[in-house]
Amino acid sequence: MDDLARALEAALFAAEEPMTADALAGFLGDAAPGEVREALRKLAGHYGERGIRLVERAKRWHFETAPDLAHLLRREKEQLRRLSRAATEVLAIIAYHEPVSRAEIESIRGVQTSGGTLDVLMEAGWVKIAGRREVPGRPTIYATTPDFLEHFGLSSRRDLPGIAELRATGLLDPVDDAYDDLMGEAVTNGETEDTPDDSSLA
């Protein structure tokens, strides 16, 4: 293991939270970001079969317990967080179409969305407020968080299953088909983007 890899290993071990390659390069002072990324990939390979793994989630690197050994470290039974059907639908819509406003979520689902549903997802750390849409009323828009990617074992949103995969497993909700139909109608009507008027939510 070369000096850069050892320095990265020490920095990540001591870090209080996951760090990006650029942040690590800045922390080490004279390290080039490209060299840091390459060293991180090699370091991840070095830890590939060990009791801890070096993983990248949402472009941030950290050490975590190897999945097959996690049960050895649990001292208490975990309390499972079960999402309601509405929360599951809202989370899926945000993940696939972010950033989206509450009115856009309701347009896709076809029903009103309780503010409590979004609160539950934000309390879980999976959804965050991502700003405001620059349209009349300036509605709040929502997006997923790095914790969402980490919880579901995704490196990025590109790892989300595609429509074909969801249909093959039978997990595609009818609301998604309705959304496809809605988008098809918008294209037919010559519209490039459907932006609901949710000024009433402001």
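Keep in mind that this is a model prediction, so the values were computed, not measured.

About the cut-offs
Going along each chain's sequence as written, the residues are numbered from 1 onward. Per-residue local features of the predicted model are confined to residues with pLDDT of at least 70, and side-chain atom pairs are confined, for both listing and counting, to 80 or more; whole-chain, interface and lining totals are unaffected and use all residues. Hydrogens and water are ignored here; the side-chain numbers use all heavy atoms of the structure. Helix and strand assignments follow DSSP, with helices taken as H or I runs no shorter than four residues and strands as E runs no shorter than two, numbered in order from the N terminus. For every residue, the accessible area (1.4 Å probe, protein chains only) is compared with the maximum for its type, and the residue is labelled buried under 20%, exposed over 50%, or partly exposed between those bounds. By definition, residues are in contact when any of their heavy atoms lie within 4.5 Å. Only the protein chains shown count as cover for residues, and the accessible areas themselves come from Shrake-Rupley with a 1.4 Å probe. We define a salt bridge as a contact between a side-chain nitrogen of Lys or Arg and a carboxyl oxygen of Asp or Glu at a distance within 4 Å.

Colleague: Go over the overall build of the protein with me, naming the residues and quoting the values.
Modeller: Broken down by element type, the protein carries 10 helices and 6 strands. Counting every position in the protein, which comprises 202 residues, the buried fraction comes to 32%. Considering only contacts in the protein between residues 6 or more positions apart, those separated by 24 or more positions represent 49%. Here the protein displays about 13000 Å² of accessible surface, and carbon together with sulfur accounts for 49% of that area.

Colleague: Residues and numbers for unusual backbone geometry, please.
Modeller: Put simply, Glu98 and Pro99 share a cis peptide bond, and its omega is -5°. Among the structural elements, Pro99 can be located in the loop between helix H5 (85-97) and strand S4 (100-101). The backbone of Ala58 sits at a positive phi, close to 55°, despite the residue not being glycine. Here Ala58 is to be found in the loop between strand S2 (52-57) and strand S3 (60-65). In this model, Arg138 sits at a positive phi of 40°, which is unusual for a non-glycine residue. Positionally, Arg138 belongs in the loop between strand S5 (127-132) and strand S6 (140-144).

Colleague: Can you lay out the pattern of salt bridges for me, pointing to particular residues and giving the numbers?
Modeller: This model, assessed by the stated rule, comprises 9 salt bridges. The partner of Arg109 in a salt bridge is Glu89, and the shortest N-O contact between them spans 2.8 Å. One end of the pair, Arg109, is in helix H6 (residues 102-109); the other, Glu89, is in helix H5, with 20 residues separating them in the sequence. Note on accessibility: Arg109 and Glu89 belong to one class, buried. Between Arg102 and Glu106 there is a salt bridge, and its shortest N-O distance comes to 3.5 Å. Of this pair, Arg102 and Glu106 both sit in helix H6, separated by 4 residues, roughly a single helical turn. What makes Glu106 buried here is its relative accessible area of 18%. Each of Arg85, Glu89 and Arg109 takes part in salt bridges that share partners, so that together they form one network.

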